[in-house]
Amino acid sequence: MNSTYIWLPLTLLLVIWYLTFSANRLDRLHHRAETSWANLDAILQRRAALALDIAHTGAVDPATGLLITTAAHQAREAEISERSEAESALTQALLLLIEETDLNRRYPELFKELDTITERLKIAISLHIEAVNAARSRRQRLIYRIFRLAGHAPLPVKYAFEDDSLMEITR
Amino acid sequence: MKIGFVSPYAWDVPGGVQSHIRDLALHYRQLGHEVSVLAPASDDSEITDDFVVTAGRPVAIPYNGAVARVLFGPVAASRVRQWIGSGEFDVLHLHEPAIPSLSLLACSIAEGALVGTFHAAAPRQKVAFAIAPLLEPVIEKLRARIAVSEVARETLRIHLETDAVVIPNGISVASFAQASPNPEWKKPLNIGFIGRFSEPRKGLDVLLEALPNIARVHPNFRLLIAGPGEGLEAMQKINPSLRNRLLFLGRINDAEKASFLKSLDLYVAPNTGGESFGIILAEALASGVPIVASDIPAFRYLLEEGRYGQLFENENSEDLARKVISLLKDQKTRDEMSISGVNYSQRFDWSQVGDEIMNVYLHAHKPGEKVGLSSENRLWNRIFSREDE
(Lines give C-alpha, C1' and ligand atoms only; values in the text may rest on other atoms or scores of the structure.)
Protein backbone atom coordinates (compact mmCIF):
# COMPACT_ATOMS: atom_id res chain seq x y z
CA MET A 1 0.00 0.00 0.00
CA ASN A 2 1.24 3.46 -0.80
CA SER A 3 2.31 5.23 2.35
CA THR A 4 0.95 8.51 0.91
CA TYR A 5 -2.44 7.43 2.19
CA ILE A 6 -1.15 7.66 5.71
CA TRP A 7 1.13 10.64 5.42
CA LEU A 8 -1.16 12.90 3.47
CA PRO A 9 -4.02 12.98 6.00
CA LEU A 10 -1.51 13.18 8.83
CA THR A 11 0.24 16.16 7.30
CA LEU A 12 -3.10 17.76 6.57
CA LEU A 13 -4.16 17.29 10.17
CA LEU A 14 -0.89 18.78 11.37
CA VAL A 15 -1.30 21.78 9.08
CA ILE A 16 -4.86 22.33 10.28
CA TRP A 17 -3.74 22.08 13.89
CA TYR A 18 -0.93 24.55 13.28
CA LEU A 19 -3.25 27.03 11.59
CA THR A 20 -5.80 26.85 14.41
CA PHE A 21 -3.04 27.26 16.94
CA SER A 22 -1.65 30.26 15.07
CA ALA A 23 -5.06 31.87 14.65
CA ASN A 24 -5.68 31.38 18.35
CA ARG A 25 -2.39 33.03 19.18
CA LEU A 26 -3.14 36.05 17.05
CA ASP A 27 -6.63 36.31 18.46
CA ARG A 28 -5.16 36.44 21.94
CA LEU A 29 -2.71 39.16 20.91
CA HIS A 30 -5.56 41.23 19.49
CA HIS A 31 -7.43 40.75 22.71
CA ARG A 32 -4.39 41.90 24.69
CA ALA A 33 -4.08 45.04 22.55
CA GLU A 34 -7.79 45.78 23.04
CA THR A 35 -7.47 45.44 26.80
CA SER A 36 -4.42 47.65 26.97
CA TRP A 37 -6.13 50.25 24.78
CA ALA A 38 -9.26 50.22 26.94
CA ASN A 39 -7.11 50.84 30.01
CA LEU A 40 -5.07 53.55 28.33
CA ASP A 41 -8.22 55.25 27.07
CA ALA A 42 -9.79 55.22 30.53
CA ILE A 43 -6.75 56.86 32.10
CA LEU A 44 -6.52 59.48 29.35
CA GLN A 45 -10.19 60.32 29.93
CA ARG A 46 -9.54 60.72 33.63
CA ARG A 47 -6.59 62.97 32.94
CA ALA A 48 -8.64 65.20 30.62
CA ALA A 49 -11.35 65.48 33.27
CA LEU A 50 -8.78 66.36 35.90
CA ALA A 51 -7.20 68.95 33.61
CA LEU A 52 -10.61 70.62 33.26
CA ASP A 53 -11.02 70.58 37.05
CA ILE A 54 -7.67 72.28 37.48
CA ALA A 55 -8.43 74.83 34.75
CA HIS A 56 -11.75 75.65 36.45
CA THR A 57 -10.32 76.24 39.92
CA GLY A 58 -10.28 79.92 39.07
CA ALA A 59 -6.78 80.26 40.37
CA VAL A 60 -5.23 79.57 36.96
CA ASP A 61 -4.57 82.64 34.88
CA PRO A 62 -7.04 82.98 31.97
CA ALA A 63 -4.49 82.31 29.24
CA THR A 64 -3.26 79.06 30.78
CA GLY A 65 -6.83 78.09 31.66
CA LEU A 66 -7.96 78.60 28.09
CA LEU A 67 -5.04 76.61 26.75
CA ILE A 68 -5.66 73.68 29.07
CA THR A 69 -9.43 73.69 28.51
CA THR A 70 -8.98 73.68 24.74
CA ALA A 71 -6.37 70.93 24.87
CA ALA A 72 -8.50 68.80 27.18
CA HIS A 73 -11.58 69.11 24.98
CA GLN A 74 -9.60 68.34 21.86
CA ALA A 75 -8.09 65.31 23.53
CA ARG A 76 -11.54 64.06 24.49
CA GLU A 77 -13.01 64.48 21.05
CA ALA A 78 -10.03 63.36 18.98
CA GLU A 79 -10.38 60.46 16.53
CA ILE A 80 -8.25 57.49 17.43
CA SER A 81 -5.74 58.29 14.68
CA GLU A 82 -5.21 61.81 16.01
CA ARG A 83 -5.48 60.86 19.64
CA SER A 84 -1.82 60.67 20.53
CA GLU A 85 -1.15 64.08 19.00
CA ALA A 86 -4.01 65.64 20.94
CA GLU A 87 -2.92 63.98 24.19
CA SER A 88 0.65 65.17 23.71
CA ALA A 89 -0.69 68.71 23.36
CA LEU A 90 -2.50 68.26 26.66
CA THR A 91 0.71 67.01 28.25
CA GLN A 92 2.49 70.15 27.05
CA ALA A 93 -0.29 72.34 28.42
CA LEU A 94 -0.18 70.57 31.79
CA LEU A 95 3.58 71.12 31.90
CA LEU A 96 2.88 74.83 32.23
CA LEU A 97 1.28 74.15 35.58
CA ILE A 98 4.37 72.62 37.11
CA GLU A 99 5.96 76.03 37.54
CA GLU A 100 2.89 77.36 39.35
CA THR A 101 4.09 76.40 42.82
CA ASP A 102 1.48 78.64 44.39
CA LEU A 103 -1.33 76.75 42.71
CA ASN A 104 0.32 73.51 43.70
CA ARG A 105 0.19 74.54 47.33
CA ARG A 106 -3.45 75.59 47.22
CA TYR A 107 -4.78 72.46 45.57
CA PRO A 108 -2.54 69.65 46.74
CA GLU A 109 -5.13 66.89 46.10
CA LEU A 110 -5.57 67.85 42.45
CA PHE A 111 -1.85 67.81 41.83
CA LYS A 112 -1.34 64.62 43.77
CA GLU A 113 -3.93 63.00 41.55
CA LEU A 114 -2.21 64.38 38.48
CA ASP A 115 1.00 62.72 39.67
CA THR A 116 -0.75 59.41 40.20
CA ILE A 117 -2.45 59.53 36.82
CA THR A 118 0.79 60.40 35.07
CA GLU A 119 2.55 57.45 36.71
CA ARG A 120 -0.23 55.11 35.61
CA LEU A 121 -0.24 56.65 32.16
CA LYS A 122 3.41 55.81 31.65
CA ILE A 123 2.81 52.14 32.42
CA ALA A 124 -0.37 52.03 30.34
CA ILE A 125 1.43 53.50 27.34
CA SER A 126 4.37 51.12 27.51
CA LEU A 127 2.08 48.10 27.92
CA HIS A 128 -0.07 49.22 25.01
CA ILE A 129 2.87 49.86 22.71
CA GLU A 130 4.19 46.41 23.49
CA ALA A 131 0.83 44.73 22.88
CA VAL A 132 0.34 46.55 19.58
CA ASN A 133 3.85 45.75 18.39
CA ALA A 134 3.42 42.07 19.26
CA ALA A 135 0.10 41.82 17.37
CA ARG A 136 1.36 43.79 14.39
CA SER A 137 4.59 41.88 13.93
CA ARG A 138 2.70 38.58 14.13
CA ARG A 139 0.17 39.68 11.52
CA GLN A 140 2.99 40.51 9.15
CA ARG A 141 4.30 36.95 9.09
CA LEU A 142 3.82 35.24 5.75
CA ILE A 143 1.69 32.40 7.00
CA TYR A 144 -0.70 34.81 8.70
CA ARG A 145 -1.06 36.82 5.53
CA ILE A 146 -1.48 33.86 3.19
CA PHE A 147 -4.20 32.24 5.24
CA ARG A 148 -5.69 35.55 6.38
CA LEU A 149 -5.56 34.40 9.95
CA ALA A 150 -6.32 37.90 11.19
CA GLY A 151 -9.83 37.59 9.77
CA HIS A 152 -11.71 40.85 10.03
CA ALA A 153 -9.92 42.10 13.13
CA PRO A 154 -8.80 45.70 12.58
CA LEU A 155 -5.08 46.46 12.72
CA PRO A 156 -4.30 47.67 16.27
CA VAL A 157 -3.56 51.40 16.16
CA LYS A 158 -0.13 52.53 17.25
CA TYR A 159 -0.02 55.16 19.91
CA ALA A 160 3.02 57.41 19.84
CA PHE A 161 3.58 59.39 22.95
CA GLU A 162 6.59 61.33 24.13
CA ASP A 163 7.56 59.78 27.39
CA ASP A 164 10.05 62.57 28.09
CA SER A 165 7.53 65.29 28.74
CA LEU A 166 5.59 62.90 30.96
CA MET A 167 8.74 62.41 32.99
CA GLU A 168 8.98 66.13 33.59
CA ILE A 169 5.43 66.30 34.92
CA THR A 170 6.13 63.98 37.80
CA ARG A 171 9.49 65.65 38.45
CA MET B 1 -9.28 41.74 44.29
CA LYS B 2 -8.41 38.06 44.23
CA ILE B 3 -4.81 37.39 43.28
CA GLY B 4 -3.15 34.07 42.55
CA PHE B 5 0.65 33.77 42.72
CA VAL B 6 2.68 30.95 41.25
CA SER B 7 6.12 30.20 42.64
CA PRO B 8 8.56 28.29 40.43
CA TYR B 9 10.70 27.16 43.36
CA ALA B 10 10.00 24.97 46.37
CA TRP B 11 8.29 26.88 49.19
CA ASP B 12 10.18 25.12 51.99
CA VAL B 13 13.58 26.09 50.60
CA PRO B 14 14.86 29.60 51.38
CA GLY B 15 15.25 31.80 48.33
CA GLY B 16 14.85 35.32 47.05
CA VAL B 17 11.91 34.63 44.76
CA GLN B 18 9.97 32.75 47.43
CA SER B 19 10.40 35.44 50.07
CA HIS B 20 9.44 38.08 47.51
CA ILE B 21 6.17 36.24 46.81
CA ARG B 22 5.47 35.65 50.51
CA ASP B 23 6.03 39.30 51.48
CA LEU B 24 3.97 40.55 48.56
CA ALA B 25 1.10 38.14 49.31
CA LEU B 26 1.12 39.13 52.99
CA HIS B 27 1.21 42.81 52.06
CA TYR B 28 -1.83 42.49 49.81
CA ARG B 29 -3.69 40.38 52.35
CA GLN B 30 -3.15 43.11 54.90
CA LEU B 31 -4.68 45.57 52.44
CA GLY B 32 -7.78 43.37 52.23
CA HIS B 33 -7.15 41.46 49.03
CA GLU B 34 -7.62 37.72 48.76
CA VAL B 35 -4.42 35.85 47.97
CA SER B 36 -3.45 32.29 47.14
CA VAL B 37 -0.01 30.94 46.29
CA LEU B 38 0.62 27.76 44.30
CA ALA B 39 4.08 26.38 44.95
CA PRO B 40 6.06 23.16 44.86
CA ALA B 41 7.05 21.75 48.26
CA SER B 42 9.38 18.93 49.23
CA ASP B 43 7.53 18.34 52.45
CA ASP B 44 3.93 19.54 52.78
CA SER B 45 4.02 19.39 56.58
CA GLU B 46 6.73 22.09 56.63
CA ILE B 47 4.36 24.64 55.09
CA THR B 48 2.88 26.89 57.73
CA ASP B 49 1.52 29.69 55.54
CA ASP B 50 -2.23 29.12 55.24
CA PHE B 51 -2.47 30.88 51.86
CA VAL B 52 -0.16 28.38 50.18
CA VAL B 53 -1.45 25.49 48.05
CA THR B 54 1.20 22.87 47.37
CA ALA B 55 1.51 21.30 43.95
CA GLY B 56 3.82 18.40 44.66
CA ARG B 57 7.44 17.53 45.20
CA PRO B 58 9.98 19.40 43.08
CA VAL B 59 12.84 17.78 41.23
CA ALA B 60 16.37 19.13 41.13
CA ILE B 61 17.48 19.91 37.60
CA PRO B 62 20.58 21.64 36.40
CA TYR B 63 19.44 24.79 34.69
CA ASN B 64 21.43 27.75 33.53
CA GLY B 65 24.54 26.89 35.49
CA ALA B 66 22.81 26.23 38.80
CA VAL B 67 20.64 23.52 40.27
CA ALA B 68 17.00 24.56 40.35
CA ARG B 69 14.39 22.71 42.38
CA VAL B 70 11.34 23.02 40.20
CA LEU B 71 8.17 21.14 39.33
CA PHE B 72 6.47 20.36 36.04
CA GLY B 73 4.92 17.44 34.18
CA PRO B 74 1.40 16.06 33.73
CA VAL B 75 0.55 15.62 37.41
CA ALA B 76 1.63 19.16 38.21
CA ALA B 77 -0.34 20.39 35.18
CA SER B 78 -3.51 18.82 36.48
CA ARG B 79 -2.97 20.46 39.89
CA VAL B 80 -2.49 23.79 38.16
CA ARG B 81 -5.72 23.28 36.17
CA GLN B 82 -7.61 22.48 39.32
CA TRP B 83 -6.21 25.47 41.20
CA ILE B 84 -6.96 27.91 38.39
CA GLY B 85 -10.35 26.36 37.65
CA SER B 86 -11.57 26.69 41.20
CA GLY B 87 -9.69 29.87 42.13
CA GLU B 88 -11.78 32.54 40.35
CA PHE B 89 -8.76 34.83 40.31
CA ASP B 90 -8.93 38.36 38.98
CA VAL B 91 -5.21 38.39 38.33
CA LEU B 92 -2.67 35.60 38.08
CA HIS B 93 0.87 36.67 38.95
CA LEU B 94 3.49 34.25 37.61
CA HIS B 95 7.06 34.44 38.84
CA GLU B 96 9.94 33.54 36.56
CA PRO B 97 7.67 32.10 33.83
CA ALA B 98 10.50 31.64 31.33
CA ILE B 99 12.15 28.66 33.01
CA PRO B 100 10.75 25.11 32.91
CA SER B 101 8.58 25.30 36.00
CA LEU B 102 5.13 25.53 37.53
CA SER B 103 4.90 29.17 36.40
CA LEU B 104 5.44 28.25 32.77
CA LEU B 105 2.79 25.53 33.09
CA ALA B 106 0.33 27.96 34.62
CA CYS B 107 1.06 30.48 31.89
CA SER B 108 0.31 27.98 29.15
CA ILE B 109 -2.82 26.67 30.86
CA ALA B 110 -4.43 29.93 31.99
CA GLU B 111 -6.19 32.63 30.05
CA GLY B 112 -7.00 36.13 31.28
CA ALA B 113 -5.21 38.80 33.27
CA LEU B 114 -1.75 37.23 33.46
CA VAL B 115 1.18 39.19 34.87
CA GLY B 116 4.72 37.86 34.89
CA THR B 117 7.71 38.92 36.96
CA PHE B 118 11.19 38.15 35.69
CA HIS B 119 13.79 37.95 38.43
CA ALA B 120 16.89 36.44 36.89
CA ALA B 121 19.72 38.04 35.03
CA ALA B 122 21.58 35.80 32.65
CA PRO B 123 24.24 36.50 30.07
CA ARG B 124 23.45 35.88 26.43
CA GLN B 125 23.16 32.19 25.78
CA LYS B 126 23.77 30.26 22.61
CA VAL B 127 20.64 28.20 23.18
CA ALA B 128 18.49 31.33 23.35
CA PHE B 129 17.63 31.09 19.66
CA ALA B 130 16.39 27.53 20.24
CA ILE B 131 14.37 28.35 23.36
CA ALA B 132 12.74 31.55 22.18
CA PRO B 133 10.36 30.05 19.56
CA LEU B 134 9.12 27.54 22.16
CA LEU B 135 8.56 30.14 24.84
CA GLU B 136 7.18 32.90 22.66
CA PRO B 137 3.61 31.61 22.24
CA VAL B 138 3.37 31.11 26.00
CA ILE B 139 5.09 34.27 27.18
CA GLU B 140 3.11 36.49 24.81
CA LYS B 141 -0.03 35.61 26.78
CA LEU B 142 1.23 37.75 29.64
CA ARG B 143 -0.67 41.02 29.56
CA ALA B 144 2.13 42.72 31.48
CA ARG B 145 5.71 41.88 32.29
CA ILE B 146 7.66 43.14 35.25
CA ALA B 147 11.44 43.01 35.54
CA VAL B 148 12.98 43.50 38.98
CA SER B 149 15.88 45.55 37.63
CA GLU B 150 17.32 47.02 34.47
CA VAL B 151 19.60 43.99 34.34
CA ALA B 152 16.64 41.59 34.36
CA ARG B 153 14.90 43.76 31.77
CA GLU B 154 17.94 43.58 29.50
CA THR B 155 18.04 39.79 29.88
CA LEU B 156 14.41 39.62 28.83
CA ARG B 157 15.04 41.86 25.87
CA ILE B 158 17.95 39.77 24.63
CA HIS B 159 16.43 36.34 25.21
CA LEU B 160 12.79 36.89 24.40
CA GLU B 161 12.81 40.20 22.54
CA THR B 162 10.20 41.67 24.78
CA ASP B 163 10.13 44.70 27.02
CA ALA B 164 9.08 45.00 30.65
CA VAL B 165 8.15 47.53 33.30
CA VAL B 166 10.88 47.78 35.95
CA ILE B 167 9.61 47.49 39.51
CA PRO B 168 12.21 46.69 42.17
CA ASN B 169 11.96 43.96 44.78
CA GLY B 170 10.41 45.07 48.03
CA ILE B 171 11.64 45.14 51.61
CA SER B 172 10.02 46.16 54.86
CA VAL B 173 12.00 49.33 55.56
CA ALA B 174 10.64 49.73 59.09
CA SER B 175 11.83 46.30 60.24
CA PHE B 176 15.38 47.22 59.25
CA ALA B 177 15.30 50.86 60.29
CA GLN B 178 13.88 50.09 63.74
CA ALA B 179 16.03 47.08 64.59
CA SER B 180 18.51 47.50 67.42
CA PRO B 181 22.18 46.49 67.23
CA ASN B 182 23.34 43.31 68.90
CA PRO B 183 25.65 44.30 71.80
CA GLU B 184 27.66 41.11 71.28
CA TRP B 185 28.48 42.11 67.72
CA LYS B 186 28.63 45.86 68.09
CA LYS B 187 32.28 46.89 68.29
CA PRO B 188 34.08 49.79 66.68
CA LEU B 189 35.00 49.50 63.00
CA ASN B 190 32.78 46.56 62.12
CA ILE B 191 32.74 45.54 58.49
CA GLY B 192 30.00 43.12 57.43
CA PHE B 193 29.36 40.56 54.70
CA ILE B 194 26.29 38.35 54.17
CA GLY B 195 25.91 35.49 51.71
CA ARG B 196 26.72 31.96 50.73
CA PHE B 197 30.43 32.72 50.85
CA SER B 198 31.44 29.30 49.49
CA GLU B 199 30.15 30.44 46.08
CA PRO B 200 32.95 32.27 44.24
CA ARG B 201 30.52 34.76 42.65
CA LYS B 202 29.68 36.16 46.10
CA GLY B 203 33.23 37.53 46.07
CA LEU B 204 34.42 36.81 49.62
CA ASP B 205 37.89 36.08 48.22
CA VAL B 206 38.14 39.61 46.83
CA LEU B 207 37.35 40.98 50.27
CA LEU B 208 39.82 38.64 52.02
CA GLU B 209 42.59 39.78 49.69
CA ALA B 210 41.88 43.37 50.63
CA LEU B 211 42.21 42.70 54.37
CA PRO B 212 46.01 43.04 54.77
CA ASN B 213 45.90 46.52 53.21
CA ILE B 214 42.99 47.54 55.40
CA ALA B 215 44.72 46.19 58.53
CA ARG B 216 47.82 48.31 57.88
CA VAL B 217 45.78 51.50 58.30
CA HIS B 218 43.02 50.29 60.64
CA PRO B 219 44.51 47.57 62.85
CA ASN B 220 41.34 47.45 64.96
CA PHE B 221 38.77 46.58 62.32
CA ARG B 222 36.64 43.44 62.53
CA LEU B 223 34.99 41.50 59.73
CA LEU B 224 31.66 39.82 60.52
CA ILE B 225 30.60 37.18 58.03
CA ALA B 226 27.09 35.74 58.02
CA GLY B 227 26.02 32.83 55.84
CA PRO B 228 25.79 29.05 55.88
CA GLY B 229 29.13 27.39 56.70
CA GLU B 230 31.95 27.70 59.23
CA GLY B 231 34.42 29.37 56.94
CA LEU B 232 37.29 26.98 57.65
CA GLU B 233 38.41 27.21 54.05
CA ALA B 234 38.37 30.99 54.14
CA MET B 235 40.40 30.97 57.36
CA GLN B 236 43.09 28.89 55.60
CA LYS B 237 43.44 31.50 52.91
CA ILE B 238 44.30 34.48 55.05
CA ASN B 239 47.32 35.58 56.96
CA PRO B 240 47.33 33.96 60.48
CA SER B 241 47.82 37.34 62.14
CA LEU B 242 44.48 38.46 60.75
CA ARG B 243 42.45 35.41 61.74
CA ASN B 244 41.28 36.91 65.00
CA ARG B 245 39.76 39.80 63.03
CA LEU B 246 37.26 37.46 61.38
CA LEU B 247 34.05 36.24 62.93
CA PHE B 248 31.84 33.67 61.22
CA LEU B 249 28.26 33.78 62.46
CA GLY B 250 26.74 30.98 60.36
CA ARG B 251 23.28 31.28 58.87
CA ILE B 252 21.16 34.04 60.42
CA ASN B 253 17.39 34.57 60.27
CA ASP B 254 15.58 37.72 59.19
CA ALA B 255 15.43 39.32 62.64
CA GLU B 256 19.10 38.55 63.25
CA LYS B 257 19.94 39.99 59.87
CA ALA B 258 18.31 43.31 60.78
CA SER B 259 20.27 43.62 64.02
CA PHE B 260 23.42 42.37 62.28
CA LEU B 261 23.21 45.23 59.76
CA LYS B 262 22.54 47.69 62.58
CA SER B 263 25.75 46.57 64.30
CA LEU B 264 27.94 47.47 61.33
CA ASP B 265 29.96 50.54 60.42
CA LEU B 266 30.33 49.45 56.83
CA TYR B 267 28.76 46.87 54.57
CA VAL B 268 30.84 45.36 51.77
CA ALA B 269 29.24 43.65 48.74
CA PRO B 270 32.11 42.25 46.67
CA ASN B 271 29.92 40.09 44.36
CA THR B 272 31.66 39.38 41.07
CA GLY B 273 28.54 38.84 38.96
CA GLY B 274 25.32 36.91 38.47
CA GLU B 275 23.28 39.34 40.58
CA SER B 276 20.05 40.63 39.16
CA PHE B 277 18.87 42.95 41.90
CA GLY B 278 20.90 42.91 45.13
CA ILE B 279 18.21 42.97 47.81
CA ILE B 280 20.86 42.95 50.54
CA LEU B 281 21.94 46.43 49.41
CA ALA B 282 18.39 47.72 49.79
CA GLU B 283 18.28 46.18 53.27
CA ALA B 284 21.63 47.70 54.20
CA LEU B 285 20.44 51.11 52.99
CA ALA B 286 17.30 50.81 55.13
CA SER B 287 19.48 49.94 58.14
CA GLY B 288 21.53 53.07 57.58
CA VAL B 289 24.81 51.23 56.95
CA PRO B 290 27.19 52.85 54.47
CA ILE B 291 27.93 50.53 51.55
CA VAL B 292 30.98 49.68 49.46
CA ALA B 293 29.99 47.49 46.49
CA SER B 294 31.52 46.11 43.33
CA ASP B 295 30.57 47.97 40.16
CA ILE B 296 28.60 45.11 38.58
CA PRO B 297 25.56 46.33 36.58
CA ALA B 298 22.93 45.36 39.18
CA PHE B 299 24.71 47.23 41.98
CA ARG B 300 25.50 50.25 39.84
CA TYR B 301 21.83 50.48 39.00
CA LEU B 302 20.56 50.00 42.55
CA LEU B 303 23.06 52.48 44.02
CA GLU B 304 22.40 54.94 41.19
CA GLU B 305 25.96 54.87 39.85
CA GLY B 306 27.50 55.40 43.26
CA ARG B 307 25.19 58.06 44.63
CA TYR B 308 24.03 55.88 47.52
CA GLY B 309 27.12 53.77 48.09
CA GLN B 310 30.71 53.67 46.96
CA LEU B 311 31.59 51.46 44.02
CA PHE B 312 34.92 49.75 43.49
CA GLU B 313 36.21 48.12 40.35
CA ASN B 314 34.87 44.54 40.20
CA GLU B 315 37.39 41.89 41.38
CA ASN B 316 39.99 44.55 42.17
CA SER B 317 40.83 44.06 45.86
CA GLU B 318 43.29 46.96 45.93
CA ASP B 319 40.60 49.35 44.83
CA LEU B 320 38.25 47.79 47.41
CA ALA B 321 40.86 48.31 50.16
CA ARG B 322 41.33 51.97 49.17
CA LYS B 323 37.58 52.66 49.33
CA VAL B 324 37.18 50.88 52.67
CA ILE B 325 40.19 52.60 54.25
CA SER B 326 39.08 56.09 53.29
CA LEU B 327 35.50 55.49 54.44
CA LEU B 328 36.55 54.05 57.79
CA LYS B 329 38.58 57.23 58.34
CA ASP B 330 35.74 59.51 57.45
CA GLN B 331 32.96 59.44 60.03
CA LYS B 332 31.26 62.49 58.51
CA THR B 333 30.82 60.94 55.05
CA ARG B 334 29.59 57.73 56.67
CA ASP B 335 26.95 59.63 58.60
CA GLU B 336 25.81 61.43 55.46
CA MET B 337 25.63 58.16 53.53
CA SER B 338 23.61 56.66 56.34
CA ILE B 339 20.99 59.41 56.27
CA SER B 340 20.65 59.58 52.50
CA GLY B 341 20.53 55.78 52.35
CA VAL B 342 17.63 55.52 54.76
CA ASN B 343 15.70 58.14 52.77
CA TYR B 344 16.41 56.44 49.46
CA SER B 345 15.43 53.01 50.81
CA GLN B 346 11.79 54.15 51.06
CA ARG B 347 11.74 53.55 47.33
CA PHE B 348 11.97 49.81 48.05
CA ASP B 349 9.37 49.71 50.80
CA TRP B 350 6.43 47.38 50.21
CA SER B 351 4.03 50.29 50.55
CA GLN B 352 5.56 51.80 47.42
CA VAL B 353 6.46 48.62 45.52
CA GLY B 354 3.08 47.05 46.32
CA ASP B 355 1.24 50.06 44.88
CA GLU B 356 3.29 49.91 41.72
CA ILE B 357 2.61 46.22 41.21
CA MET B 358 -1.10 46.75 41.93
CA ASN B 359 -1.02 49.43 39.26
CA VAL B 360 0.22 46.86 36.76
CA TYR B 361 -2.53 44.44 37.85
CA LEU B 362 -5.13 47.10 37.14
CA HIS B 363 -3.70 47.57 33.67
CA ALA B 364 -3.74 43.86 32.92
CA HIS B 365 -7.23 43.29 34.26
CA LYS B 366 -10.52 44.04 32.56
CA PRO B 367 -13.34 44.75 35.05
CA GLY B 368 -15.49 41.70 35.68
CA GLU B 369 -13.10 39.28 34.01
CA LYS B 370 -11.79 36.15 35.79
CA VAL B 371 -8.77 34.07 35.00
CA GLY B 372 -9.85 30.79 33.41
CA LEU B 373 -8.47 27.88 31.47
CA SER B 374 -7.35 28.57 27.92
CA SER B 375 -9.47 27.23 25.05
CA GLU B 376 -6.98 24.47 24.21
CA ASN B 377 -7.25 23.19 27.73
CA ARG B 378 -11.00 23.35 27.75
CA LEU B 379 -10.99 21.30 24.55
CA TRP B 380 -8.51 18.88 26.06
CA ASN B 381 -10.68 18.42 29.09
CA ARG B 382 -13.79 17.91 26.99
CA ILE B 383 -12.24 15.27 24.75
CA PHE B 384 -10.63 13.30 27.52
CA SER B 385 -13.11 14.38 30.20
CA ARG B 386 -10.26 14.26 32.67
CA GLU B 387 -11.76 16.48 35.25
CA ASP B 388 -14.72 18.73 35.77
CA GLU B 389 -14.16 22.43 35.46
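In what follows, the structure referred to is the one given above.
Residues numbered from 1 in each chain as written. Chains lettered and ligands numbered in written order. Predicted model: local features only at pLDDT ≥ 70, side-chain atom pairs only at ≥ 80, totals over all residues. Heavy atoms only, no water.

Caption draft 1: Local environment of the sheet that holds strand β13 (residues 246-250) of chain B. All names here are of chain B. Ordered by their spatial adjacency, six strands build an open sheet running β13-β12-β11-β14-β15-β16, and the pairing between neighbours is parallel. Of all strands in the sheet, those bounded by a partner on one side alone are β13 and β16 (310-312). Taken pair by pair, the neighbouring strands of this sheet meet at an average axis angle of 25 degrees, ignoring direction. Relative to strand β14 (residues 266-269), strand β11 (residues 190-194) runs parallel, the two being bridged by two bridges. The residue of β14 that forms the bridge with G192 is Y267. (Pairing = 2+ DSSP bridges. Helix = DSSP H or I, 4+ residues; strand = E, 2+ residues; numbered from the N terminus. Axes fitted to C-alpha atoms, helices over the stretch in contact; angles between N-to-C directions.)

Caption draft 2: Just empty space enclosed by the protein, in detail. Throughout the structure, instances matching the rule amount to three cavities of 30 Å³ or more. Reported here for the largest cavity is a volume of approximately 70 Å³. The element contributing the most residues to the lining of the largest cavity is helix α1 (residues 4-55) of chain A, with three residues. A per-class count over the lining of the largest cavity returns no nonpolar, two polar and five charged. As a volume, the second largest cavity reaches approximately 50 Å³. Lining the second largest cavity are R32, T35, S36, L127 and A131 of chain A together with R143, H363 and A364 of chain B. Elements supplying a minimum of two residues to the lining of the second largest cavity: α1 and α5 (108-139) of chain A together with α14 (350-364) of chain B. Per-element accounting of the lining of the second largest cavity gives the leading share, three residues, to α1 of chain A. Residue composition of the lining of the second largest cavity, by class: three nonpolar, three polar and two charged. (1 Å grid on protein atoms, 1.4 Å probe; cavity = no way out; pocket = protein on both sides within 12 Å on 5 of 7 lines; lining within 4 Å. Points joined across faces, edges and corners; volume = space filled by probe spheres on them. Nonpolar A, V, L, I, M, F, W, Y, C, P; charged D, E, K, R; others polar.)

Caption draft 3: Here's a closer look at the pairing of strand β15 (residues 291-294) of chain B. Side chains I291 and A293 of chain B project from β15 of chain B onto one buried face, and the interleaved V292 and S294 of chain B project onto a second face that is buried too. Handedness of the β14 of chain B-helix α10 (residues 279-287) of chain B-β15 of chain B crossover: right-handed. (Buried < 20%, exposed > 50% of the residue type's maximum accessible area, 1.4 Å probe, protein only. Right-handed = clockwise from strand over helix to strand, strands pointing away.)

Caption draft 4: Quick look at the interface of chain A and chain B. The interface is formed by 18 residues belonging to chain A together with 24 residues belonging to chain B. Buried surface at the junction of chain A and chain B, both sides included, amounts to about 1,800 Å², of which 49% is carbon and sulfur. The largest per-residue losses of area from chain A upon contact with chain B belong to R28, R32 and L127 of chain A, which jointly make up 32% of the total buried on that side. Put simply, chain A and chain B have four salt bridges between them. Linking chain A to chain B there are 10 residue pairs in polar contact (both at pLDDT 80 or more). Counting only elements with at least two residues in the side of chain A that touches chain B, the list comes to α1 and α5 of chain A. When residues of the side of chain A that touches chain B are assigned to their parent elements, the largest contribution, 10 residues, is made by α1 of chain A. Partitioned by chemical class, the residues of the side of chain A that touches chain B number six nonpolar, five polar and seven charged. (Contact = heavy atoms within 4.5 Å. Buried area = accessible area lost by both parts, 1.4 Å probe. Salt bridge = Lys/Arg side-chain N within 4 Å of Asp/Glu carboxyl O. Polar contact = N/O pair within 3.5 Å; in protein donor to acceptor, adjacent residues only side chain to side chain.)

Caption draft 5: Highlighting the sheet that holds strand β3 (residues 52-54) of chain B. All names here are of chain B. A sheet is described by the order of its strands in space; here seven strands give the open sequence β3-β2-β1-β6-β8-β9-β10, paired in parallel fashion. Both edges of this open sheet fall to β3 and β10 (165-166), since each of them pairs with a single strand only. The pairing of strand β8 (residues 114-118) with strand β9 (residues 144-147) spans four bridges and is parallel. Counted as the bridge partner of G116 is R145 from β9.

Honestly, that's just the spatial picture; any functional story needs more than this.
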